[in-house]
Amino acid sequence: MDFSLNENQLAFQDAARNFASGEMAPFAALWDEKKIFPKDVLKKAGELGFMGMYCSEDVGGLDLSRLDTTIILEELAKGCTSTAAFISIHNMASWMISSWGSQVTKQRWCSDLVVGEALASYCLTEPGAGSDAAALRTTAKIDGDHYILNGSKMFISGAGETDVLVVMARTGSQEDGARGISAFAVPANLVGVNYGKNEDKMGWNSQPTRAINFDNARIPVDCLLGEEGEGFKIAMKGLDGGRINIASCSMGAAQACINLAQVYMQERQQFGKPLAAFQALQFKLADMVTELVAARQMIRLAANKIDTNDPDRTTYCAMAKRFATDVGFNVCNDALQLHGGYGYIKEYPIERFVRDARVHQILEGTNEVMRVITARRILEPGATDAIR
Ligand SMILES: Cc1cc2nc3c(=O)[nH]c(=O)nc-3n(C[C@H](O)[C@H](O)[C@H](O)COP(=O)(O)OP(=O)(O)OC[C@H]3O[C@@H](n4cnc5c(N)ncnc54)[C@H](O)[C@@H]3O)c2cc1C
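The sections below set out a description of the structure shown in this document. Predicted model, so just to flag it, every value in this text is computed and none were measured.

Thresholds applied
- Residues numbered from 1 in each chain as written.
- Predicted model: local features only at pLDDT ≥ 70, side-chain atom pairs only at ≥ 80, totals over all residues.
- Core = buried A, V, L, I, M, F, W, Y, C linked by C-beta atoms within 7 Å.
- Buried ≥ 20, exposed ≤ 12 C-beta atoms within 10 Å, placed from the backbone.
- Helix = DSSP H or I, 4+ residues; strand = E, 2+ residues; numbered from the N terminus.
- Near = placed C-beta within 6 Å.
- Nonpolar A, V, L, I, M, F, W, Y, C, P; charged D, E, K, R; others polar.
- Axes fitted to C-alpha atoms, helices over the stretch in contact; angles between N-to-C directions.
- Parallel < 35°, antiparallel > 145°, perpendicular 65-115°, else oblique.
- Left-handed = near helix turned anticlockwise from the far one by under 90°.
- Contact = placed C-beta atoms within 7 Å.

1. Quick word on the nonpolar core
Moving on, step 1. Core analysis: the largest hydrophobic core is formed by 119 residues, its most contacted members being Leu76, Ile97, Val166, Phe184, Val186, Ala320 and Cys332.
Moving on, step 2. Among the elements that make up this core, the one with the highest residue count is helix α7 (residues 231-267) (16 residues).

Set out below in structure tokens:
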């Protein structure tokens, strides 16, 4: 067991760190304030391969492992957590298209997606189907050589600015549950695809979030990903990786906050001493670092479980997502506390990291749903010994 990063991983980490500090961090506050979606920067990220990190080489991707991907996303999130999180969603949706798309679909989208010339959204959540995603009601009815889409999606990241939508819709009946769901790669500018307003959010302001309404939108049958009825399985496979990617973005936010807090504690004087001289605050920083290291290792373990196709990968990803996004948020929040009143004002980036990291506890499956997934497995005979 070797816990050190190899030469390639160090090189990617370095490239991502430089990109984050040069192309993202200086502008993150502006993107947040003005709600700017930095498409030009996403294209630049594409030049480095960061828009198709785990897509295979035959479609132009970097074909990196999931472990490698977590290392890159963490660094990007130090620059702008919200933009890195969009990159993570784009990578997940692009990978789904490249893995299950028909020849026509792959040819149409992949070469543009992997370089950030085209952007992708992931459309699972609906107004009435959030945590209970398998209850979704959007329908895809076959009509000759087309499917006709009807229904609504909610909270879709990038919607209105992206080029292709990975949409989970029902080809079977409502009673079929998850087995009646199929996945599609839907051109975002199709007639009958309508977008709601950009939601006014607490954080994640550098990427739009919109509802989408499908009103008799016609898509050719070759937009189907995989087979009919496989959509929910495909959506969940995407989310295994998506969850540790988002968790890695939490690590980046938390690492950036710890770095800032450590410096601030040495500079800021109260009671005639630097904050760093107070043992209560030293212990706080020690706990923050301890938990961050634990969370990062758990993400890497879960990434390894995907890379090795472990049968328990979903459980490990759920545990890692729950733990790391909770730790990530708490560390950002503790760093804010260590900055006192200055942490609360926008001149310092801490409050933005707190706002951006908060939603990671909610999306890609809430942290309660992560516990549902984990508990379901743990209650099986012998599971407490197997999951370790
Ligand atoms: C900024 C943002 C971006 C998003 N981007 C996307 C996107 O790109 N694509 C996409 O498909 N979705 C996206 N989502 C949706 C997100 O995945 C959902 O919000 C999330 O899955 C929760 O669904 P819900 O909001 O309907 O909450 P609900 O499911 O209504 O849950 C409400 C509360 O009840 C809890 N709860 C529900 N069921 C249980 C249970 N069985 N046991 C215990 N607790 C339970 C939940 O954990 C939560 O705390 C995004 C959301 C946000 C806020």
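2. Some details on the site of the ligand
Moving on, step 1. Gly130, Ser131, Ser157, Thr366 and Glu368 are the nearest of the 22 residues found near the ligand.
Moving on, step 2. Elements with a minimum of two residues in the shell around the ligand: β1 (120-123), β3 (146-157) and α11 (367-378).
Moving on, step 3. Broken down by class, the residue content of the shell around the ligand amounts to 12 nonpolar, eight polar and two charged.

3. Things to note about the packing of α7 against helix α10 (residues 350-358)
Moving on, step 1. Following both chains from N to C, one finds α7 and α10 inclined at 160 degrees, their axes separated by 10 Å at the closest point. It follows that α7 is roughly antiparallel to α10 by the angle criterion. Between α7 and α10 lies a crossing of left-handed hand. Two secondary-structure elements touch here, α7 through Ser250, Ala253, Ala256, Cys257 and Leu260 and α10 through Ile350, Phe353, Asp356 and Ala357.
Moving on, step 2. The residue inventory of the contact of α7 with α10, partitioned by class, reads seven nonpolar, one polar and one charged.

4. Describing the packing of helix α5 (residues 81-100) against α7
Moving on, step 1. Here α5 crosses α7 at 160 degrees, and the two axes come no closer than 9 Å. Overall, the two elements α5 and α7 adopt an arrangement that is roughly antiparallel. α7 is crossed by α5, and the crossing has right-handed handedness. Contacts between α5 and α7 pair Thr81, Ala84, Ala85, Ser88, Ile89, Asn91, Met92, Trp95, Met96 and Trp100 from the former with Ile234, Gly238, Gly241, Gly242, Asn245, Ile246, Cys249, Gly252 and Ala253 from the latter.

Note that all results are geometric; they support no functional claim without further evidence.
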